[in-house]
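So you can see what is in the structure, the chains are spelled out below.
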Amino acid sequence: MVAIAVRLDQEQHPTLIINIYNTKNTPHITELRTQLQRHLRSNTYNGIIVAGDFNLHHPLWNPSNYHSHDPEADTLIDTMSQIRLKPMLPAGTITFPRAKTAIDLVWGNDYVEQWIIKCRIAGN
């Protein structure tokens, strides 16, 4: 997990960008939740982006014909909901072409959603 805050000259508050690589069967999602609950103050940041390889399957982001559901994905959804982040990639976007599923995700707050031009995988 890596986090950086980026502030453009005209912005009062920076944008927080968190990148995560979640290896299966590790406590990374729980650790992310703990760190966000302890340290995140939404009034400190304009934008909040959490992105990375989550290695989790859930109907919220997987293609409709992919039915796997990792219970840990529910923890991720709950965590993102608590800090008012939502998926930025369109539902069903395949980010892992070999398996034709989605495991790489981008979450953002309303500020990010307002300013985002395009959120998609490279090559599309």
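The structure we're discussing is the one just above.
Nothing here was measured: the structure is a model prediction, and the numbers come from that model. Along each chain, the written sequence defines residue order, and numbers are assigned to residues from 1. Restriction of local features to residues with pLDDT of at least 70 applies here, the model being predicted, together with a cutoff of 80 or more for giving and counting side-chain atom pairs; totals for whole chains, interfaces and linings are based on all residues. The side-chain figures draw on all heavy atoms in the structure; neither hydrogens nor water molecules are used.

## Things to note about the overall build of the protein
Heads up, the rule is: A run of H or I in DSSP becomes a helix once it reaches four residues, and a run of E becomes a strand once it reaches two; helices and strands are each numbered from the N terminus. This radius of gyration counts C-alpha atoms alone. The globule rule is 2.2 Å times how many residues there are, raised to the power 0.38. Any residue under 20% of the maximum accessible area for its type is buried, any over 50% is exposed, and the rest in between are partly exposed; the area is computed with a 1.4 Å probe on protein chains only. Surface exposure here means Shrake-Rupley accessible area, sampled with a 1.4 Å probe, where a residue is shielded only by the protein chains that are shown. The convention is simple: Lys and Arg are positive, Asp and Glu are negative, and His and the chain ends are not counted. Just so you know, the charge point we use is NZ for Lys, CZ for Arg, CG for Asp and CD for Glu.
Helices and strands together make up the secondary structure of the protein, namely three helices and five strands. Reading the protein from its N end, one meets helices and strands in the order β-β-α-β-α-β-β-α. What you see for the protein is a C-alpha radius of gyration of 14 Å, in line with the 14 Å of a compact globule of 124 residues. In the protein, buried positions account for 38% of the 124 residues. Accessible area of the protein: about 7,600 Å², with a carbon and sulfur share of 53%. Positive and negative charge centroids in the protein, built from 11 and 11 side chains respectively, lie 2 Å apart.

## What to know about the sheet that holds strand β5 (residues 104–108)
We count it as follows: Pairing between strands is defined by DSSP: at least two bridges between them are needed. The contact criterion used throughout is that any non-hydrogen atoms of two residues lie within 4.5 Å. A fitted line through C-alpha atoms serves as each axis, taken over the contacting stretch for helices, and the angle formed by two N-to-C directions is quoted from 0 to 180°.
With mixed pairing, five strands are arranged side by side in an open sheet as β1-β2-β3-β5-β4. Here the strands that pair on one side only, and so sit at the sheet edges, are β1 (2–6) and β4 (86–87). Where strand β3 (residues 48–53) lies against β5, five bridges are found, and the strand directions are antiparallel. Looking across to β5, one finds that Asp-53 is bridged to Asp-104. Against the sheet, helix α1 (residues 28–39) engages β2 (15–21) and β3, with an angle of about 160° to β2.

## Some words on the pattern of salt bridges
Threshold: Here, a salt bridge means any side-chain nitrogen of Lys or Arg that lies within 4 Å of a carboxyl oxygen of Asp or Glu.
Considering all chains together, one arrives at four salt bridges under this definition. Across the pair Lys-86 and Asp-110 runs a salt bridge, and its minimum N-O distance is 2.9 Å. Residue Lys-86 is found in strand β4, and its partner Asp-110 is found in helix α3 (residues 110–115); the two are separated by 24 residues along the sequence. According to the relative accessible area criterion, Lys-86 is partly exposed, its value standing at 30%. Here Glu-113 makes a salt bridge to Lys-86, at a shortest N to O gap of 3.0 Å. Here Glu-113, found in helix α3, pairs with Lys-86, found in strand β4; they are 27 residues apart in sequence, far enough to count as distant. In this structure, a network of salt bridges that share partners links the residues Lys-86, Asp-110 and Glu-113.

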